[in-house]
Amino acid sequence: QSYQRQQQEQQEQQLRQQQQQQQIERQRQQQEEQRHQQAEQQRVWQQQQQEKLRLQEEQRKRMQEEQNRRQEEEMQRKREADEKMRLEQVAILGVRKVIQKLQVATLQSLDEVKGELDQVLAQELWKTGSHADQLKNEAVQQTERAKQRIEYEEEQKRVTEERRKEFERIRAEEAEARTKFLEELSGLTDALDKNARALKDMLTPALEKDASLAAAEMAIAAGEGEVGTSAKAACKACTDLMVANKSAVEALRMGPETKADMIGLQERIHTGFVDVFLTGSKVQKKASAMKHMNKRCEAFDKYAGANGITKSSIAKYAKGEQGFELSPDVVAKISAQLCDKNGSIPKEHYQQLKISVGVAREEEASRKRVEERKKRMAELEEEKKALQAELDKLLEKMGELDAEVTKTLESSTGLQCKITAEEPPSDSDLADEVEDLQDVFNSLKEKIGNICQEASKLIQGADATLQPLARMEGSKVELKGRLFTSKLSQVTFELLMVGEFRAKQAAKELEKLQASLVELIKKHMAAKELNMEDLFKAADKDEDGSVSKSEFVTFVKGVDGCETEDAKLESLFAHIGGESMSKESFLRLITVRMKVTKETLLTSDFSLSTKESRTLRRLLEGEFVEVQVGPTKDEKDLTRIKCCAVKDGLVGWATVVGNTGAAFLEAYEEEKKPAEAEAAAEPTPAAAEAEAATDAAPHKTEANKEGTSQE
């Protein structure tokens, strides 16, 4: 059995080995088949790739040939187009070259150029292609322009020729006028030479050294006679003619042919002027000098003796001729300096005598001035002391006000502390204190002003020499006054603060009175069941559309519970209305403004249960309304008011408090600007969407929602 098992095991092992060998052989065969398959696939793939490459190469060659053919065709078309364009450009240039000739054509060559243009257009225009119409238009335009240009040039030539002829005519006339002027001036110059020489011959003897005064006076008389008059008239005629023809004179001076003649005439005229006026002036000056010398000789002869002026005659001369009395010492001094050995002053020393007396007179005048100056200095010293004393008194008076100013400042500070305290005094107590403080303040201000005014008068009335001292000392008084005025300005400020405080207190009292009266009027409206229109009609007795002061007082006094005095009512009316109160102002006075604290509906009727009630719009949170009627409760225990929306002026009924106690509106006491109220009433986007959605629903659903489920 063991052997059999071994044999079986060996047989099984051999069988397994055979199976393994068979399996290995099968695997080898499979691998060989796979290699054959792969080689076949590789061969097929290579054949496919070679075929594909061959097809691609054939396609590339076909495409290359097609591209070369298209390029050749394109190049051919381009060469044809370029050639066509070149021919067009040549034709265009040929046409435009002829057209450009029109720009320089003249009247004589215009027809020739036009013929050439027509010939070129006939030969070359069809070659220009799309530019034919443009070139044709250019030819027509340039032809027309050439005609206009030639016409304009011919006109300009004609005008230029006319201007040239006119200029030549004017030049000829001016040359003729200058010639006439030169001849006329030459004639006048000849007359001037003749008269000037005659006058000079008459005046020259008077200028000689030994000529007498009589000869000079005779020469002056002769110069003022017929000859002198004729010479001066000739001078005036020459100057008038030259002034009247100034342009001709300048032209003659600039002309090369007339320059020498014109300059010669001017020199002759100048010489004539010198002979006529300068010679006469010399004769007059000589005659005046001779008269002066004769006067001096007469004065000398008046006081001189046989040998001259003696010592005793010096004082007489000074008194008689210069109005000055010489002292004996001065007389002795002058005689010692000027008298000769005969004890007399000769005629040749007369001028020195005159100078010595003048010097003595000035010395005496200087001495008197010194004495007057000393006297004036003494007077100024007295005035200075008096002025100093007056200014010291004013400064002392100003110093005495220091205590009063300090006391006034303390009073004003105390008054300021009172009005800023937690419990300020009453208006009556403040009125007495303010009145007393105002009186003291005005008195101090008046005293300071009077003292400063007196100081200013002293400064203005002081002598010019004492002005610096007066201004310096007076400035001390004025500085003290400005210091006190500066301190008192604090009192002015505090009085203004107190006045503002009192005004605010009075305004508060009037506002309290106004609030109490408004409450009484509202109660009166509720009791009488009045609306706004009825209330205004009750106040406006004369029905003129406004409430006067008397009507306001009468109306308020007629309200139940009003015990306010007429004077306070009139003050209140002046505070809120002025002279009269319009309907809007009166209704605004008693109008109650409420603010929407929670969105609610504005309906057309008081009751939400009726079928006629419809929703006007939704009142948004933050919006303001003005109460017209109410508040009144309806059958569902809703507190309702008739109101006007500030935002758009829409009037309707709104709920103030729901039947579950939820508040939709509340009283608004603080006064706001309309712009702020409108800004506060602007709906948010979410609220606007909610309003649109709500407005689209039936009004009964909204009414039931508000009446039954407010919260």
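Summarised in this report is the structure supplied together with it. (Residues numbered from 1 in each chain as written. Predicted model: local features only at pLDDT ≥ 70, side-chain atom pairs only at ≥ 80, totals over all residues. Heavy atoms only, no water.)

Looking now at empty space enclosed by the protein. To locate leftover empty space, one rolls a probe as large as a water molecule over the atoms. Enumeration over the complete set of coordinates arrives at 2 cavities of 30 Å³ or more. Of the pockets and cavities examined, the second largest cavity occupies roughly 30 Å³. Residue lining of the second largest cavity: Gln-514, Leu-517, Val-518, Ile-521, Phe-552, Leu-572 and Leu-589, and that is the complete set. With 4 residues, helix H12 (residues 467-528) is the single largest residue contributor to the lining of the second largest cavity. Of the residues assigned to the lining of the second largest cavity, the class counts are 6 nonpolar, 1 polar and no charged. (1 Å grid on protein atoms, 1.4 Å probe; cavity = no way out; pocket = protein on both sides within 12 Å on 5 of 7 lines; lining within 4 Å. Points joined across faces, edges and corners; volume = space filled by probe spheres on them. Helix = DSSP H or I, 4+ residues; strand = E, 2+ residues; numbered from the N terminus. Nonpolar A, V, L, I, M, F, W, Y, C, P; charged D, E, K, R; others polar.)

A few words on the pattern of salt bridges. As enumerated under the stated definition, the model contains 37 salt bridges in all. For Glu-166, the salt bridge identified is with Arg-169, shortest N-O distance 2.0 Å. Within this pair, Glu-166 and its partner Arg-169 are both found in helix H3 (residues 132-203), separated by 3 residues, close to a single helical turn. You can call Arg-169 partly exposed: its relative accessible area is 38%. Sharing partners across several salt bridges, the network here consists of Glu-66, Arg-69, Arg-70 and Glu-73. (Salt bridge = Lys/Arg side-chain N within 4 Å of Asp/Glu carboxyl O. Buried < 20%, exposed > 50% of the residue type's maximum accessible area, 1.4 Å probe, protein only.)

It is worth spelling out the packing of helix H2 (residues 110-124) against H3 at this point. In contact at an axis separation of 12 Å, H2 and H3 are set at 180° when each is read in the N-to-C sense. Compared by their axis directions, H2 and H3 come out roughly antiparallel. Together, Leu-110, Lys-114, Leu-117 and Leu-121 of H2 and Ala-139, Thr-143, Ala-146, Lys-147 and Ile-150 of H3 make up the contact between the two elements. Of the residues contributing to the contact of H2 with H3, the split by class is 6 nonpolar, 1 polar and 2 charged. (Axes fitted to C-alpha atoms, helices over the stretch in contact; angles between N-to-C directions. Parallel < 35°, antiparallel > 145°, perpendicular 65-115°, else oblique. Contact = heavy atoms within 4.5 Å.)

Turning to helix H6 (residues 246-254), its buried residues are Ala-248, Val-249 and Leu-252. Viewed along the axis of H6, the buried residues span an arc of 100°, placing them on a single side of the element. Exposed and oriented more than 90 degrees from the buried face of H6 are Lys-246, Ser-247 and Met-254. (Arc of directions from axis to C-beta.)

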